[in-house]
Amino acid sequence: MQIQKTNNLANQYLKIMPFGPSGVGKTRLAGSMSLRVKTLILSAESGLLSLQNLKDENGLTPNIDYVQINNFADMEAAYHHLKNVKHDYKGVAIDSLTEIQKACKDAIMEQTKKDAMEMRDWGVLAHKIERMVRAFRDLPMHVIVTALDDSEADKITGEIKVWPALQGSVQKQLPAYFDIVLYTFTREVGEGSDRKTVYSALTQNSGKYIAKDRSGKLPKVLDDPTFGKIYDLIFPSTTTKEK
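To keep things clear, this report deals only with the structure shown in the data block. Because the structure is predicted, anything quoted here is derived from the model rather than measured.

**Notes on the packing of aromatic side chains**
Next, step 1: Within this structure, the stated rule accounts for six aromatic pairs.
Next, step 2: Through successive ring pairs, a cluster of aromatic residues spans F19, Y183, F185 and Y209.
Next, step 3: The ring of Y89 has K38 sitting right over it, with the charged end atom 5.2 Å from the ring centre.

Spelled out as structure tokens, the structure:
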């Protein structure tokens, strides 16, 4: 048994799940991790153009390593590399889990030669996604996993809840695996010619939108959410600027 000290928690890695509609800054948040640590992006969306707007402290756009994910086998290969092959990555971003689950679902349907998923197939899908997310989460590195959003009405109260857009039981299980769950959105601020769009993230459960902050150090609404800003708020006395 290894006894540790809670004062050493600053040495832990952040596990973050941003989710929300398309175009609200999820990929940008994931890519911003590269401004602090060497990052590998596993992209299933072919939507990395927004990373061209990222700038480091010298005003330069970072040249981020990424792997295009076309199927579940690609994810397994990426995990094997990060776990078993010597590398210098300190962060991995999965963008997005919604698309990866769709690819896994398609693979199951192709393998079983079925036109529709059956109950057993949904169980297999849930198990594969849950196992994959836990495996990546437990890697000794910072992990960001994005997802689209989906709404659901409570069958008894009719109350609307907004969750990550995932099918099956994993929709409600996976947020529990992360330290930080962010509902990302945009809002308009200012008047006239000064009006601008601000990227924001909800860090606390509002009743309708699922969110959480295990550190208790993030504001309820975080404007311009980046990995560096989140890290500095949670661990203000440390830095992750080393590559």
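So, next bit.
**Considering helix α3 (residues 97-112)**
Next, step 1: Under the 1.5 Å per step criterion, the end-to-end length of α3 is 22 Å for 16 residues, consistent within 8% with the ideal 22 Å.
Next, step 2: For α3, the full list of buried residues reads L97, T98, I100, Q101, C104, K105, I108 and M109.
Next, step 3: In this structure, the buried side of α3 is in contact with β1 (15-19), α2 (72-84), β4 (91-95), α4 (119-137), β5 (142-145) and α5 (170-173).
Next, step 4: In the stretch just after α3, K113 is the one whose phi turns positive, near 60°.

**Let's talk about the packing of α2 against α4**
Next, step 1: Where α2 contacts α4, the axes come no closer than 11 Å and their chain directions differ by 25°. Looking at the two axes, α2 sits roughly parallel to α4. Pair α2 / α4 crosses with left-handed handedness. Of the residues in α4, those touching α2 at F72, M75, A78, Y79 and L82 are K128, I129, M132, A135 and F136.
Next, step 2: Each residue belonging to the contact of α2 with α4 can be placed in one class, and the counts come to nine nonpolar, no polar and one charged.

**What about the pattern of salt bridges?**
Next, step 1: With the rule as written, the count across this model stands at nine salt bridges.
Next, step 2: As a salt-bridge pair, K38 and D88 come within 3.1 Å of each other at their nearest N and O atoms. Pair noted here: K38 is in the loop between α1 (26-31) and β2 (39-43) and D88 is in the loop between α2 and β4, with a separation of 50 residues, a long-range link.
Next, step 3: On the basis of relative accessible area, K38 is assigned to the partly exposed category, the value being 27%.
Next, step 4: Here E99 ties to K102 by a salt bridge, and the two come within 3.6 Å at their closest N and O atoms. Linking E99 with K102, this pair stays in helix α3, spanning three residues, or about one helical turn.

**Thoughts on the nonpolar core**
Next, step 1: Counting 42 residues, the largest nonpolar core has L42, L97, I129 and F136 as the members making the most contacts within it.
Next, step 2: Looking at which element gives the most residues to this core, the answer is α4, with six residues.
Next, step 3: With sequence-adjacent residues up to four places away left out, I129 is seen in contact with F72, L97, Q101, C104, V170 and L174.
Next, step 4: Residues L48, I180, L218 and Y231 belong to the second largest nonpolar core, which totals 23 residues.

Conventions we followed
- Residues numbered from 1 in each chain as written.
- Predicted model: local features only at pLDDT ≥ 70, side-chain atom pairs only at ≥ 80, totals over all residues.
- Heavy atoms only, no water.
- Phe/Tyr/Trp six-rings, centres within 6.5 Å; stacked < 30°, edge-to-face > 60°.
- Lys NZ or Arg CZ within 6 Å of the ring centre and 35° of its normal.
- Helix = DSSP H or I, 4+ residues; strand = E, 2+ residues; numbered from the N terminus.
- Expected span 1.5 Å × (residues − 1).
- Buried < 20%, exposed > 50% of the residue type's maximum accessible area, 1.4 Å probe, protein only.
- Contact = heavy atoms within 4.5 Å.
- Axes fitted to C-alpha atoms, helices over the stretch in contact; angles between N-to-C directions.
- Parallel < 35°, antiparallel > 145°, perpendicular 65-115°, else oblique.
- Left-handed = near helix turned anticlockwise from the far one by under 90°.
- Nonpolar A, V, L, I, M, F, W, Y, C, P; charged D, E, K, R; others polar.
- Salt bridge = Lys/Arg side-chain N within 4 Å of Asp/Glu carboxyl O.
- Core = buried A, V, L, I, M, F, W, Y, C linked by side-chain atoms within 4.5 Å.

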